[in-house]
Each structure stands twice: as structure tokens, then as C-alpha cells.
Amino acid sequence: MNMILIKAFGAAILCAMCSVRFNGRGKDILIAGFIGFMAAFAMGFFDDLNVRAFVSGLVYSVLSEVFGRILDKPVAVYYAPVLVPFVPGKLTFVMMGEFVNGDRIAAMDRLAEILCICGMIALAILLVETAFRIFGDMKKKSLRER
């Protein structure tokens, strides 16, 4: 449990720093750090890499949508800085080393793993955005009928 919290705090710091890099202002920096903390904390309870990617994608896309609506800001303000720590950069670096060394089979295996992780993150974001859009349309429709 201690390691999960340490990794989550590290993700929070990284997300806050990435928010500064992406010109985040004021509360946006703290909120990006909080979203990163929650996503890393939630994914810490799973072992499979694809499940971890999907859970982190769900958590940070839901929180990004919620904070974007609460603070009346575009969701992209939170997506970009929070997405950075969860994309498999280390695997990509290892894959490029395998390509350079001529081990194409291992590099292609690593590429398939990277695409699966990125696909799970994209699927989670797509599901959450679709759900929020459907509920938003239902809310607008019910308000019009009154």
C-alpha cells in the first residue's frame, strides 16, 4: 500500500509539472495533480498492464470531464498533462533499442504491447466521453420538454 501511495504522489507531481509545461494556470495545476494522483492510485491495485491502462484511463477521463464541467473549462486542459505519465514511454524506448540492435521479433512484440496499452487508454476515454455526451443530451432533452 505504501508503494501505491508513493507512486501516486509521484504521478501527481509529474502531472502538475506537465500542466505547468502545457501552460496550466492557478487551480488547473493542482487539479491536474489530483487527477494524476487518483488515476495512479486506482491503477495500483491491478497487476495486468492492459487493465491498469484501462482503469487509469477511466479514472482520469471521468475526473477530467467532471472538473472541466465544474470549472467551465475545456476537458483538454486536463487530458494533455494527465495523459503524459500514463503513456508507455519506457516500452517505446526499449522497443527502439530492440529495433536498433536488430531484434525485430522482440521489437514487434513490444510494439504490439504498446499498441494494446494505448488502445485501452483510448477506449476508456472514448467510453467516458460517449457516456457524458449521452447523459448531457438526455438532460438537454428533458429540460426542453418542460
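The structure contained in this document is the topic of the report that follows. Since we're looking at a predicted model, the values are computed, not measured.

This paragraph deals with the nonpolar core. Ranked by internal contacts, the top residues of the largest apolar core, which has 27 residues, are I35, Y60, F67, V82, F86 and I121. Counting residues per element, the ones that place at least two in this core are α1 (2-21), α2 (27-43), α3 (49-70), α4 (76-83), α5 (89-100) and α6 (104-145). The element that contributes the greatest number of residues to this core is α2, accounting for seven residues. The residues touching F67, leaving out its near neighbours within four places in the chain, are I31, F34, I35 and Y78.

On to α2, then. In this model, α2 (17 residues) spans 24 Å end to end at C-alpha, consistent with the 24 Å of a helix rising 1.5 Å per residue. Turning to α2, its buried residues number three or more, namely D28, I31, A32, G33, I35, G36, F37, A39, A40, A42 and M43.

Looking now at the packing of α3 against α6. The N-to-C vectors of α3 and α6 enclose an angle of 35 degrees; their axes lie 8 Å apart at closest approach. By crossing handedness, the relation of α3 to α6 is classed as right-handed. On α6, the residues touching L49, N50, A53, F54, G57, L58, Y60, S61, V62, E65, V66 and R69 of α3 are E113, C116, I117, M120, I121, L123, A124, I125, L127, V128, E129 and F132. Each residue belonging to the contact of α3 with α6 can be placed in one class, and the counts come to 17 nonpolar, three polar and four charged.

Our focus in this paragraph is the packing of aromatic side chains. Enumeration over the complete set of coordinates arrives at five aromatic pairs. Ring centres 5.1 Å apart and planes at 40 degrees place the aromatic pair F9 and F37 in the tilted group. With F9 in helix α1 and F37 in helix α2, this pair connects stretches of sequence that are 28 residues apart. Overall, F37 belongs to the buried group, its relative accessible area being 17%. Geometrically, the ring pair formed by Y60 and F86 is stacked, given 5.5 Å between the ring centres and 25 degrees between the ring planes. Here F86 lies in the loop between α4 and α5 and Y60 lies in helix α3, a separation of 26 residues in the sequence. Joined through ring pairs, the aromatic side chains of F9, F37, F41 and F45 make up one cluster.

Moving on to the packing of α2 against α3. Relative to each other, α2 and α3 sit at 150 degrees, their axes nearing to 8 Å. When the axis of α2 is compared with that of α3, the two are roughly antiparallel. The crossing of α2 and α3 is right-handed. When α2 is examined against α3, the residues I31, F34, I35, M38, A39, A42 and M43 are found in contact with a partner set consisting of R52, V55, S56, V59, Y60, L63, S64 and F67. Here the residues of the contact of α2 with α3 sort into twelve nonpolar, two polar and one charged.

A positive phi angle, near 65 degrees, is found at N23, a position not held by glycine. Of note, N23 is situated in the loop between α1 and α2. According to the relative accessible area criterion, N23 is exposed, its value standing at 56%. A positive phi is found at D72, a non-glycine position, where the angle reads about 55 degrees. For D72, the location among the structural elements is in the loop between α3 and α4.

Reading guide: rules and limits
- Residues numbered from 1 in each chain as written.
- Predicted model: local features only at pLDDT ≥ 70, side-chain atom pairs only at ≥ 80, totals over all residues.
- Heavy atoms only, no water.
- Core = buried A, V, L, I, M, F, W, Y, C linked by side-chain atoms within 4.5 Å.
- Buried < 20%, exposed > 50% of the residue type's maximum accessible area, 1.4 Å probe, protein only.
- Helix = DSSP H or I, 4+ residues; strand = E, 2+ residues; numbered from the N terminus.
- Contact = heavy atoms within 4.5 Å.
- Expected span 1.5 Å × (residues − 1).
- Axes fitted to C-alpha atoms, helices over the stretch in contact; angles between N-to-C directions.
- Left-handed = near helix turned anticlockwise from the far one by under 90°.
- Nonpolar A, V, L, I, M, F, W, Y, C, P; charged D, E, K, R; others polar.
- Phe/Tyr/Trp six-rings, centres within 6.5 Å; stacked < 30°, edge-to-face > 60°.
- Parallel < 35°, antiparallel > 145°, perpendicular 65-115°, else oblique.

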